[in-house]
Amino acid sequence: MKVFIGILISPDKSITKLIRCIRSVEDQVRKPFDFDIKVIVNESTYSTARRVKQRLKRAGLDYEIIETEGTGLAARGHNSVLDAFLSRKEYTHLMKIDYDDFYYPFAFQMLYLI
């Protein structure tokens with residue numbers, strides 16, 4: 001079981017909240033499955049995606065940034081997370097989380113037990 005964890009953020013949003021979200025994934029007490037974290041920058045341009053990447057590196061975080069183009073349609077960001085997951089055949093499961101949310105320390109263990 002390999003999980004794609006897609007964290008969705010818009011370019012004008014708080015990097016501090018994004019870092020908290022990433023740390024909540026990294027700091028899981030038990031990690032019963034293999035996972036990769038991907039940061040999906042919704043409606044990004046090269047400069048906004050690069051800014052997010054630079055801010056994460058300054059915080060000691062180095063994750064793949066996936067850029068999406070905005071269409072102005074509702075749910076485009078969420079659909080882009082699904083598209084990124086479906087385009088990568090090595091993953092069996094998807095967990096999507098918004099940049100301003102977080103997982104409690106035992107979340108992965110509880111999900112695994114379900």
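As a starting point, this report considers the structure included with it.

Here is what the cut-offs are and how they apply
Residues numbered from 1 in each chain as written. Predicted model: local features only at pLDDT ≥ 70, side-chain atom pairs only at ≥ 80, totals over all residues. Heavy atoms only, no water. Phe/Tyr/Trp six-rings, centres within 6.5 Å; stacked < 30°, edge-to-face > 60°. Helix = DSSP H or I, 4+ residues; strand = E, 2+ residues; numbered from the N terminus. Buried < 20%, exposed > 50% of the residue type's maximum accessible area, 1.4 Å probe, protein only. Polar contact = N/O pair within 3.5 Å; in protein donor to acceptor, adjacent residues only side chain to side chain. Contact = heavy atoms within 4.5 Å.

**What about the packing of aromatic side chains?**
Working step 1: Scanning the entire structure with this criterion turns up 8 aromatic pairs.
Working step 2: Ring geometry for phenylalanine 35 against phenylalanine 108: centres 5.4 Å apart, planes inclined by 85 degrees, an arrangement best described as edge-to-face. Here phenylalanine 108 lies in helix α4 (residues 107-113) and phenylalanine 35 lies in strand β2 (residues 34-41), a separation of 73 residues in the sequence. This pair shows no difference in class: phenylalanine 35 is buried, exactly as phenylalanine 108 is.

**Things to note about the side chain of glutamine 28**
Working step 1: You can see glutamine 28 is positioned in the loop between α1 (15-26) and β2.
Working step 2: Only 3.2 Å separates the side chain of glutamine 28 from the backbone nitrogen of alanine 107, close enough to count as a polar contact.
Working step 3: Those residues in contact with glutamine 28 that sit more than four places away from it in its chain are Tyr103, Tyr104, Pro105, Phe106, Ala107 and Phe108.

Honestly, that's just the spatial picture; any functional story needs more than this.
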